[in-house]
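# Remarks on the overall topology
Single-letter residue listing:
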Amino acid sequence: MPAAASNASRRRAALLRAVRIGFAVVVVACIAWFVIASWSDVAAALAQLHLAVVAGAVLAAMVGICFAMLSWRACMRALDATLPLGASASTYFVGQLAKYVPGSVWAVLAQADLAARHGIGRSVTAAASLAQMLVSVLSGMLVGGVGLLLAGSEVLLTYWWIAPASLLCAVALWPPLLQLVLRLAGRVLRRDALREVTVRPAPMLAATGWCALMWIAFGVHFALLIAPLVDDPGTLLLAGSAYAFAWVAGFVIIFLPAGAGAREGVLVLALGGVIGVPAALSMALVSRFAMLLGDVVVAGVGWLGLRRMGLRPQPTGADAAGPRGT
């Protein structure tokens, strides 16, 4: 009997490994498809910019991604699932590449699987990742919406529906309500780690602060790209705010990989009348390419971190040991 159980365990481990490898191939294929499909337009747009501008935009994007990771780590702490900074970076950076696969859920699943290597329950990690997405939407609406309001942009009139969506996010993030929902989910899904989960308000507030810094960094990223095309500093505020708002719109349309198309549409609407539609579309494409490059670079660093730690996936099953159960 022990031998049979051991063989079954090995077969299951081999199957999981094959699934992980297959999914990694799908992620790489989706990224490659985006680069190949849009490269001619991106290359033409890049030719209009100085290398230092593009490098600065990529660097600002990477800073923003690091702030996003810190926000995710704060959401994990809010659920009493604490990871060291290095482990958090590796898990978040590598897992978030899955957002380039159509459907926002893949990044959540990838991060949950990677966090399991550190003994964190998959259901808890998934809950933290979803909470961080809600925080990103809420803070993005606040940062982007206020900036667009100050700039007098018509984007707010066209995409008015994002405001009530963000309000729903704010309600969902209210710690007592979020805790109740997670505990109910734990009972329905029979996940012990969620049945007794406690949502701490202070880390959730910290997550919101990190997200605000993330949007500022991403705003700087896009403002750097259009800076050579404008003379009015107020347009840079409009650009940075529009980027946050555009990301929210792209996230809400979940069937698009990483918000492809929706993000560009918002940016063209916000900036087309200022720098022209062709220029706005070109800079939106360069921005997406710079963000992709930043994602790949930090994911590479995260992958090296995982390799250095030499972690192996934990066995799957019900989250029976609290936040660190698997």
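Relevant structure appears above.
These remarks concern the structure in this document. (Residues numbered from 1 in each chain as written. Predicted model: local features only at pLDDT ≥ 70, side-chain atom pairs only at ≥ 80, totals over all residues. Heavy atoms only, no water.)

## Focus on the packing of helix 2 (residues 51–78) against helix 10 (residues 201–226)
Contact pair helix 2 / helix 10: the axes reach a minimum separation of 8 Å and the direction vectors enclose 170 degrees. Classified by the interaxial angle, the pair formed by helix 2 and helix 10 is roughly antiparallel. For the contact of helix 2 with helix 10, the per-class residue count stands at 25 nonpolar, four polar and one charged. (Axes fitted to C-alpha atoms, helices over the stretch in contact; angles between N-to-C directions. Helix = DSSP H or I, 4+ residues; strand = E, 2+ residues; numbered from the N terminus. Parallel < 35°, antiparallel > 145°, perpendicular 65-115°, else oblique. Nonpolar A, V, L, I, M, F, W, Y, C, P; charged D, E, K, R; others polar.)

## Observations regarding the pattern of salt bridges
Tallied over the entire structure, the rule returns three salt bridges. A salt bridge links Asp-80 to Arg-200; the shortest N-O distance between them is 3.2 Å. Here Asp-80, found in the loop between helix 2 and helix 3 (85–95), pairs with Arg-200, found in the loop between helix 9 (192–195) and helix 10; they are 120 residues apart in sequence, far enough to count as distant. Residue Asp-80 is classed as partly exposed on the basis of its relative accessible area, which comes to 40%. For Arg-122, the salt bridge goes to Asp-113, with nearest N and O atoms at 3.2 Å. Each of the two residues, Arg-122 as well as Asp-113, counts as buried. (Salt bridge = Lys/Arg side-chain N within 4 Å of Asp/Glu carboxyl O. Buried < 20%, exposed > 50% of the residue type's maximum accessible area, 1.4 Å probe, protein only.)

## Let's talk about a nonpolar patch on the surface
Together, Leu-213, Ile-216, Val-220 and Leu-224 make up an exposed nonpolar region whose accessible area comes to about 310 Å². Within the fold, Leu-224 resides in helix 10. The class of Leu-224 is partly exposed, set by a relative accessible area of 34%. (Patch = residues over 30% accessible without salt bridge, like charges linked within 9 Å, V, L, I, M, F, W, Y side chains within 5 Å. Areas by Shrake-Rupley, 256 points an atom, 1.4 Å probe, with all protein chains shown as cover.)

## Some points on the packing of aromatic side chains
The description of an aromatic ring pair rests on the distance of the ring centres and on the angle between the ring planes. Under the defined criterion, the tally for this structure stands at seven aromatic pairs. With centroids separated by 5.9 Å and ring planes inclined at 75 degrees, the aromatic side chains of Trp-215 and Phe-218 adopt a geometry described as edge-to-face. Of this pair, Trp-215 and Phe-218 both sit in helix 10, three residues apart, roughly one helical turn. In this structure an aromatic cluster arises from ring pairing among Trp-215, Phe-218, Phe-222, Tyr-243 and Trp-247. (Phe/Tyr/Trp six-rings, centres within 6.5 Å; stacked < 30°, edge-to-face > 60°.)

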